[in-house]
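Commentary on secondary and tertiary structure
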Amino acid sequence: MTPDTLAEVMERTWPPARAFAVGPWCIRDGQGGGKRVSAATAGPEWRDEDIPQAEAAMAALDQGPLFLIRQGDDLLDQALQSRGYRVVDPVVAYVAPASALADPPAPPMAAFAHWPPLAICSEIWAEGGIGAARVAVMQRACTPKCAILGRAQDQPTGVAFVAIHQGVAMLHALEVRPPARRQGSAHNILRAAGAWAQENGADTLSLVVTVANTAARNLYASLGMGVVGQYHYRQR
């Protein structure tokens with residue numbers, strides 16, 4: 001998967017309320033949905049003196065100045081560092097064939113896909129800090145899409161959101177309740193996501209995770225997922 005494809009899938013499956021051009025910048029109106037839907041990105045023609053233009057556009061949305069730094073944005077990265085912006089939330093992207101994740105399948109009823117999300121899904125997300133503004137991101141994402149609820153011993157244990165764009169599924173907002181962690185719930189959710197992706201025309205499952213989340217990264221590696229890209233944010 002190329003960096004451009006990864007960026008497009010991420011934008012379509014986890015979209016801002018709106019995105020619009022201001023000079024060489026793409027400005028995103030996140031409406032409280034988190035960094036990914038609120039960060040500005042640069043077009044190839046940006047110049048150092050254009051940075052205040054992006055800052056003003058974000059301020060007009062009542063958003064703090066935040067830039068997404070992708071592969072190839074080295075000059076922007078340096079320019080923002082010189083202006084006092086710090087690196088936050090370095091992220092890596094993983095992919096795997098959906099068929100590989102779906103085999104072997106998750107045990108029956110250990111995880112199941114559905115839409116719209118059951119109320120318990122929103123409860124689990126809220127417990128993990130994924131509130132109404134992020135659920136609103138899911139509501140406006142492209143289709144097909146689903147929530148996947150994980151279960152163990154007849155109890156709900158975790159949840160994730162998955163959506164598909166041009167044959168690539170992307171998993172977002174994976175949250176497992178603390179008592180159920182390291183007991184296979186996330187594993188089963190990933191298996192179910194691979195199966196759902198296949199059933200809905202996607203041959204690849206992707207996701208992004210912070211570099212600091214070593215437990216999740218170990219899980220993804222154990223499932224045969226490989227790193228295909230990275231990015232980080234600059235925030236003042």
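Given the structure is predicted, the values throughout are model-derived calculations rather than measurements.

1. Here's the deal with the sheet that holds strand β10 (residues 204-210)
If you trace the 8 strands from one edge of the open sheet to the other, you get β4-β11-β5-β10-β9-β8-β7-β6, paired in mixed fashion. Two strands close off the open sheet at either side, each with one partner strand: β4 (66-69) and β6 (111-114). Ignoring which end each strand starts from, the neighbouring axes of this sheet average 25° apart. Sheet topology places β6 next to strand β7 (residues 145-152); 4 bridges connect them, and they run antiparallel. Directly across from Ala 111, in β7, lies its bridge partner Gly 150. Against the sheet, helix α1 (residues 3-13) touches β5 (86-97), β8 (155-165), β9 (168-176), β10 and β11 (226-235), its axis set at about 120° to β8. In the packing of helix α7 (residues 185-199) onto the sheet, the strands contacted are β6, β7, β8, β9 and β10, and the crossing angle to β8 comes to about 35°.

2. Observations concerning the sheet that holds strand β1 (residues 18-22)
Read from one edge of the open sheet, 3 strands run β1-β2-β3, paired in antiparallel fashion. Each edge of the open sheet is held by one strand with a lone partner, namely β1 and β3 (41-42). Of the strand pairs in this sheet, β1 and strand β2 (residues 25-29) are connected by 5 bridges, and their pairing is antiparallel. In the strand pairing of β2, Phe 20 is matched with Ile 27. Relative to β2, helix α2 (residues 51-60) is tilted by about 15°, and along the sheet it contacts β1 and β2.

3. Looking at the pattern of salt bridges
Taken as a whole and judged by the stated rule, the model has 13 salt bridges. For the salt bridge of Glu 127 with Arg 177, the shortest nitrogen-to-oxygen distance reads 2.9 Å. Taken together, the residues Glu 127 in helix α5 (residues 119-127) and Arg 177 in the loop between β9 and α7 connect sequence positions 50 residues apart. Residue Arg 151 pairs with Asp 154 through a salt bridge whose shortest N-O separation is 3.7 Å.

4. Things to note about the side chain of Ser 38
Secondary-structure assignment places Ser 38 in the loop between β2 and β3. The residues touching Ser 38, leaving out its near neighbours within four places in the chain, are Arg 28, Gly 30, Met 58, Gln 63 and Leu 66.

5. Let's talk about the pairing of β5
Across 8 bridges, the pairing between β5 and β11 is antiparallel. Note that in β11 the partner of Arg 86 across the bridge is Gln 235. The pairing of β5 with β10 spans 7 bridges and is antiparallel. For Ala 93, the partnering residue across the bridge sits in β10 and is Val 208.

6. Digging into the nonpolar core
Taken as a class, soluble globular proteins show a tendency for nonpolar side chains to be buried jointly. Judged by nonpolar contacts, the single largest core of 31 residues is most densely connected at Ile 148, Val 162, Leu 171, Leu 190, Leu 205, Tyr 220 and Met 225. Looking at this core, the elements with two or more residues in it are β5, α4 (98-102), β7, β8, β9, α7, β10 and α8 (214-222). Excluding its chain neighbours within four sequence positions, the residues that come into contact with Val 162 are Pro 144, Lys 145, Cys 146, Ile 148, Ala 169, Met 170, Leu 171, Ala 193, Trp 196 and Leu 205.

Reading guide: rules and limits
Residues numbered from 1 in each chain as written. Predicted model: local features only at pLDDT ≥ 70, side-chain atom pairs only at ≥ 80, totals over all residues. Heavy atoms only, no water. Pairing = 2+ DSSP bridges. Helix = DSSP H or I, 4+ residues; strand = E, 2+ residues; numbered from the N terminus. Axes fitted to C-alpha atoms, helices over the stretch in contact; angles between N-to-C directions. Contact = heavy atoms within 4.5 Å. Salt bridge = Lys/Arg side-chain N within 4 Å of Asp/Glu carboxyl O. Core = buried A, V, L, I, M, F, W, Y, C linked by side-chain atoms within 4.5 Å. Buried < 20%, exposed > 50% of the residue type's maximum accessible area, 1.4 Å probe, protein only.

Interpretation in functional terms is not warranted from these geometric data alone.
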